[in-house]
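Fold and geometry: a report
Given next are the chains, with one letter for each unit.
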Amino acid sequence: MSDQIKFIVDNLNKEPFRKNYNLITFDSLEPMQLLQVLNDILAEIDPKQVVDIREEMPEQTAKRMLSLLGILKYKPPGNATDMSTFRQGLVIGSKPVIYPVLHWLLQRTTELKKRAYLARFLIKLEVPSEFLQDETVADTNKQYEELMEAFKTLHKECEQLKTSGFSTAEIRRDISAMEEEKDQLNKRVERLKKKVETVQNHQQMLKIARQLRVEKEREEFLAQQKQEQKNQLFHAVQRLQRVQNQLKSMRHAAADAKPESLMKRLEEEIKFNSYMVTEKFPKELENKKKELHFLQKVASEPAMGHSDLLELESKINEINTQINQLIEKKMMRNEPIESKLSLYRQQASIISRKKEAKAEELQEAKEKLTSLEKEVSLKTNQTREFGGTEVLKGDEFKRYVSKLRSKSTVFKKKHQIIAEFKAEFGLLQRTEELLKQRHDNIQHQLQTTEEKKGISGYSYTQEELERVSALKSEVDEMKGRTLDDMSEMVKKLNSLVSEKKSALAPVLKELRQLRQKCQELTQECDEKKSQYDSCAAGLESNRSKLEQEVRGLREECLQEESRYHYTNCMIKNLEVQLRRATDEMKVYVSSDQQEKRKAIREQYTKNIAEQENLGKTLREKQKAIRESHGPNMKQAKMWRDFEQLMECKKQCFLKQQSQTSIGQVIQEGGEDRLIL
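Since the structure is predicted, the reported quantities are computational estimates derived from the model, not experimental observations.

What follows covers the overall build of the chain. When helices and strands are counted, the chain shows 19 helices and two strands. Taken over 676 residues, the chain has a buried fraction of 12%. At a minimum sequence separation of 6, the contacts of the chain that also span at least 24 residues come to 56%. For the chain, the exposed area adds up to about 58200 Å²; of that, 58% sits on carbon and sulfur atoms.

Together, Leu23, Ile24, Ile600, Tyr604 and Ile608 line one region of the surface with nonpolar side chains, adding up to about 500 Å² of accessible area. Contributing elements (two or more residues each) for the nonpolar patch: helix H2 (23–27) and helix H18 (600–627). In this fold, isoleucine 24 is placed in helix H2.

Moving on to the nonpolar core. Counting 32 residues, the largest nonpolar core has Phe26, Leu38, Ile41, Leu72, Leu102 and Leu105 as the members making the most contacts within it. Where this core is concerned, the elements lending two or more residues are helix H1 (2–13), helix H3 (31–45), helix H4 (58–71), helix H5 (80–92), helix H6 (95–107) and helix H7 (109–122). The greatest single-element share of this core, amounting to eight residues, is contributed by H6. The contacts of phenylalanine 26, once residues within four sequence positions are left out, are Ile5, Ile8, Val9, Leu12, Tyr21, Leu34, Tyr99 and Leu102.

At a closest axis distance of 10 Å, the pairing of H1 and H6 adopts a crossing angle of 55 degrees. Judged by the angle between their axes, H1 and H6 are oblique. Both H1 and H6 take part in a crossing whose hand is left-handed. In this structure, H1 uses Gln4, Ile5, Phe7, Ile8 and Asn11 to contact H6, whose residues at the interface are Tyr99, Pro100, Leu102, His103, Leu106 and Gln107. The residue makeup of the contact of H1 with H6, split by class, is seven nonpolar, four polar and no charged.

Attention now moves to unusual backbone geometry. Even without glycine at this site, asparagine 20 takes up a positive phi of about 60 degrees. Within the secondary structure, asparagine 20 sits in the loop between H1 and H2. Since its relative accessible area comes to 67%, asparagine 20 is described here as exposed. Despite not being glycine, lysine 73 has its phi angle at roughly 65 degrees, a positive value. With respect to the helices and strands, the residue lysine 73 is situated in the loop between H4 and H5. Residue lysine 73 is classed as partly exposed on the basis of its relative accessible area of 42%.

Right, let's talk about a negative patch on the surface for a bit. Taken together, the side chains of Glu179, Glu180, Glu181 and Asp183 present a region of like negative charge at the surface. Its location among the elements puts glutamate 180 in helix H10 (residues 168–197).

Evaluation of the coordinates by the stated rule reveals twelve salt bridges. Its salt-bridge partner being aspartate 27, residue lysine 95 comes within 3.8 Å of it at the nearest N-O pair. Here the residue lysine 95 occupies a position in helix H6, and aspartate 27 occupies one in helix H2, the gap between them amounting to 68 residues. Where arginine 430 meets glutamate 433, a salt bridge forms, and the shortest distance between an N and an O atom there is 3.5 Å. Taken together, the residues arginine 430 and glutamate 433, both in helix H15 (residues 394–453) and three residues apart, mark about one turn of the helix. A relative accessible area of 47% means that arginine 430 is categorised as partly exposed. Here the salt bridges do not stand alone but share partners, grouping Glu540, Arg543 and Glu547 into one network.

Rules used in this analysis
Residues numbered from 1 in each chain as written. Predicted model: local features only at pLDDT ≥ 70, side-chain atom pairs only at ≥ 80, totals over all residues. Heavy atoms only, no water. Helix = DSSP H or I, 4+ residues; strand = E, 2+ residues; numbered from the N terminus. Buried < 20%, exposed > 50% of the residue type's maximum accessible area, 1.4 Å probe, protein only. Contact = heavy atoms within 4.5 Å. Areas by Shrake-Rupley, 256 points an atom, 1.4 Å probe, with all protein chains shown as cover. Patch = residues over 30% accessible without salt bridge, like charges linked within 9 Å, V, L, I, M, F, W, Y side chains within 5 Å. Salt bridge = Lys/Arg side-chain N within 4 Å of Asp/Glu carboxyl O. Core = buried A, V, L, I, M, F, W, Y, C linked by side-chain atoms within 4.5 Å. Axes fitted to C-alpha atoms, helices over the stretch in contact; angles between N-to-C directions. Parallel < 35°, antiparallel > 145°, perpendicular 65-115°, else oblique. Left-handed = near helix turned anticlockwise from the far one by under 90°. Nonpolar A, V, L, I, M, F, W, Y, C, P; charged D, E, K, R; others polar. Lys, Arg positive; Asp, Glu negative; His and termini not counted. Charge placed at Lys NZ, Arg CZ, Asp CG, Glu CD.

So this is what it looks like as structure tokens:
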């Protein structure tokens, strides 16, 4: 409260009030004087409120102030009963009622001036319906509303111009510069006219120049029309190509498709369009209407200041706390039926969100498809212009893709066979190397044994003989063994194929069983996944509830901590004040006169007495000065006249000494006479 009073006193001592109050004098004001101060502040905000409340009835004063405070959107604290006490306090000039009003008004004086100015023009006069039946009254009321709307628009434009940064000085400078340019152009036109008048047939030449200008303007207009028609022709050609492409695609679809597939596609389109029309578009339209209504409401309200925003934030915080309390009460109940229903509701909301997301994705895909079709049509037109081949479409493209797929499968098989051959070649090469190593080792051992026995070279000669005999037998039997070799190779291959089949038969059986198990496991996985999704949705909802609860508890904890610190500070301030009051009481009650003189009350009474004595002496001096003012002024005037006279005599005496003696000067009875 002391800070509030200090703020009020500081603002009242400034311009434009200049009251010269201090805390003591302001606190000692009577109710009528307080009401007059309040009225002066209201008069500063609205000049219509300039009234001396001593000449006005208290009820009229209270009614006038209440109406203006209502226009300024002052909200007194409390409910309806507190409103009645507020009115009574305003009538009698109660300090607990008027101090908050003064504080609120002085905080936002400039903003309230603007609001009061707008209220003069924007508060609508309510005309009874029976009077509006008269045509003249109805027309006047309609003109009044139109003028009010025009004032709103003009005020908004004025505010925008004020905030836009344009200054009147710059505009005036621009206007003066434009006027100077206009004068220069007029002078130039006059000079040209004078030059033209000297030329022969100037009227005819001016007429031809005018016709030339008209024809040039017409040429520009025709060129513009030609360009517009070219653009229209280009758009029409594009539209025709698009329609032709659609017709081709529809024909291909109708030629290749079956009635069942067409019906199925149409049913899907109908379902999608019905969902968009019945569910999605109405929701979006309702949301847009709500946004528009909210924006209109915000635009219709007057401009909000910082204090209004703070009030709204406090209301929002209160409502949030109430919501958190209601959620806590609901969670304390913990009814099982409602928990089950909440799970189902959450699942339904998740499904609806997924549905909306899929519908949006489908809409985006359709838009993307249309844009791609446009790009394809443009690219085909460009290829036709450059003389390229036609792009494959529809079934031709499908056949081309199927051919590519078949070729890719053949290529993959061949590549796999080549890889198998490479692997087999590597194995054979490795076995060959191993056999060569073993052969070299055996040859080395054989040579060592032959050297020991004394028959070195025997194995080499035997090998040579065997090799020669083998070559001879091979050459002899080459022709007869070709067919036998071929038949043996075929038999070997058949036996190998049968062996591979018999070896792969149990593997194929196991593969079938594994496929069945895989199908069963995939079904089980889908079921578990659905259960997991439902469980995850429930846990997510519980987690969000717990997060809200924790957030609310943290906010409450912070509020309680701030309240605790505030109360501690207030307690300390009150203890200091109580200590000072007890010390003052002890000093005041004590019998020692020296201690009494140290008391604050005694000091204040002493100062007041000194000031009263000083004021009394000053008033007496003022009275004496007022009484002796007239004679003193006369005496001062006489002294000034005497001084001027003596100065004049001095000048005359100096002139007399400087001049030659023309006559005789005789002084008699205080007079000077000159005798020639």
